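Observations on the three-dimensional arrangement
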Amino acid sequence: MTDIDHLNPPTGKMADNIVGFARALRAAGLPVGPGAVIDALNALQLIEVGHRGDFYATLQAIFVKRHEHSLVFAQAFALFFRAAEDWKHMLDSIPLPDHAKKKPKPAARRVQDALAQPTSHEVPQAQEQELRLSVSDKEILQKKDFAQMSAAEIAQVTRAIAQMKLPQAELRTRRHAPDPHGLRLDLRRTLRGSLRTGGDIVDIRKLGRIDKPSPIVALLDISGSMSEYTRLFLHFLHAITDARKRVSVFLFGTRLTNVTRALRERDPDEALANCSSAVEDWAGGTRISASLHVFNKQWARRVLGQGAIVLLISDGLEREADAKLSFEMDRLHRSCRRLIWLNPLLRFGGFEAKAQGIKMMLPHVDEFRPVHNLTSMQALIAALSAPPPVHHRALIRSAA
């Protein structure tokens, strides 16, 4: 009988490869700790290391704890051990599982970046230098326009957006539930409890209102004029969808596409790739009026119930600005509890509503806010949890 706890772990290049592979997985986002590395080294003593299928399955069983991590593991395994000369004979002779042979998924970019990091002692120093950002650098990143950021800055912003959590803005419903601090008498439970004592002692039971988080419906413009912001907005919507399930997301350019189910993928790269494959009019023209008409006709009754908040993310540059646009905006406004228009053009200090489409849309929204950097996104999260201002419509009409 073999006891795993008493096995001597592999040494030499095999152990170095397993440790390096674990570091690559951890850099790619998988929660791999030292305990998992020790378990992997011990488990390899029980299998035929020369058989690649068994080797793959063993490491997958130890390092993969969630289903959404399996694709990242498969890509990391193929890239890491294909580069290792000691394992080349196994890689060429023994096939991988079917899902590891498929075309690389979007998460492969994250895996390649993780494998491209140096493995020497320079890594902690580089990470330490990255963490030593001055306060001024962080403030600049918070206020910098998304359209002016470099690739490295966009990667930092993407990580910051992934950490955003939307507070539960509660909506008071008409339903009641048992609540010892409630204001309404629960007569049924009070009488039922008094039967136990024959009516000598009456314990007053109370009911309180049930509060539920308000549903959020996002309509995101993916036309060419919004291309510099679309991906980061999708990261933001994915972040709040992951923390709050009552979120519906629609993309529109020349047509309307429902991507709510696609954004529910845990991995952000997978979610955005699913959105991209589902949309046919990415970075094309803009037909806001036609898209809103389809939404109001086919989706409004399904997703705008229970006091939904609508986020309209668009620059408002409609090529067919006519009376139909004003009608559809008014219909949308009447169907939801709160309509917030997020426009990147507000980043300009001297912005004026001169475009015909913006003039027609502006009178039908409750709030008109900028959304072009991290600061504006954080302000949006705070606004979604606060009650709407009483004078917001008067301000909007005066600005128009």
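Under an unreviewed UniProt entry, the name given to the chain is VWA containing CoxE-like, and the organism recorded is Rhodopseudomonas palustris.

**Describing the packing of aromatic side chains**
Using the criterion set out here, one finds 12 aromatic pairs in the structure. Members of the aromatic cluster, connected to one another through ring pairs, are Phe21, Phe55, Tyr56, Phe63, Phe73 and Phe77. Against the face of Trp299 rests Arg302, its NZ or CZ located 4.6 Å from the ring centre.

**Examining the environment of Ala76**
Locating Ala76 in the fold gives a position in helix α4 (residues 70-83). It is 7.5 Å that separates the C-alpha atoms of Ala76 and Ala24, two residues lying 52 residues apart in sequence.

**What to know about the pattern of salt bridges**
What the rule picks out here adds up to 7 salt bridges. The closest approach of N and O atoms between Arg205 and Asp203, which form a salt bridge, is 3.3 Å. Residue classification places Asp203 among the partly exposed residues on the basis of a relative accessible area of 45%. With its nearest N and O atoms 3.2 Å apart, the salt bridge here joins Glu367 to Arg369. Using a relative accessible area of 9% as the deciding quantity, one classes Glu367 as buried.

**Here's the deal with the packing of helix α14 (residues 288-298) against helix α16 (residues 323-335)**
As a packed pair, α14 and α16 sit with axes 9 Å apart at the nearest point and diverge in direction by 35°. Read as a crossing pair, α14 and α16 show a hand that is left-handed. For the pair α14 and α16, contact is made by Ile288, Ser289, Leu292, His293, Phe295, Asn296 and Lys297 and by Lys324, Leu325, Glu328, Met329, Arg331 and Leu332, respectively. Classifying every residue of the contact of α14 with α16 by side-chain character gives 6 nonpolar, 3 polar and 4 charged.

**Some words on the pairing of strand β8 (residues 338-342)**
Sheet faces and side chains relate simply in a regular strand, where the side chains alternate between the two faces. In terms of burial, β8 is a largely internal element, 5 of the 5 residues being buried. The alternating pattern of β8 places Arg338, Ile340 and Leu342 on one face and Leu339 and Trp341 on the opposite face, and all of these are buried. Where strand β7 (residues 309-313) meets β8, 5 bridges bridge the pair, whose relative direction is parallel. For Ile313, the partnering residue across the bridge sits in β8 and is Leu342. In the classification by handedness, the crossover that spans β7, the intervening α16 and the parallel β8 is right-handed. Where β8 lies against strand β9 (residues 367-369), 3 bridges are found, and the strand directions are parallel. Bridging from a neighbouring strand, Ile340 pairs with Glu367 of β9.

**Observations concerning the packing of helix α1 (residues 13-27) against helix α3 (residues 52-63)**
Interaxial distance between α1 and α3 falls to 13 Å at its minimum, and their mutual angle equals 50°. Between α1 and α3, the interaxial angle falls into the category oblique. For the pair α1 and α3, the crossing hand works out as right-handed. Mapping the contact onto sequence places Ile18, Phe21, Ala22 and Leu25 in α1 and Phe55, Leu59 and Phe63 in α3.

Calculation rules
Residues numbered from 1 in each chain as written. Predicted model: local features only at pLDDT ≥ 70, side-chain atom pairs only at ≥ 80, totals over all residues. Heavy atoms only, no water. Phe/Tyr/Trp six-rings, centres within 6.5 Å; stacked < 30°, edge-to-face > 60°. Lys NZ or Arg CZ within 6 Å of the ring centre and 35° of its normal. Helix = DSSP H or I, 4+ residues; strand = E, 2+ residues; numbered from the N terminus. Salt bridge = Lys/Arg side-chain N within 4 Å of Asp/Glu carboxyl O. Buried < 20%, exposed > 50% of the residue type's maximum accessible area, 1.4 Å probe, protein only. Axes fitted to C-alpha atoms, helices over the stretch in contact; angles between N-to-C directions. Left-handed = near helix turned anticlockwise from the far one by under 90°. Contact = heavy atoms within 4.5 Å. Nonpolar A, V, L, I, M, F, W, Y, C, P; charged D, E, K, R; others polar. Pairing = 2+ DSSP bridges. Right-handed = clockwise from strand over helix to strand, strands pointing away. Parallel < 35°, antiparallel > 145°, perpendicular 65-115°, else oblique.

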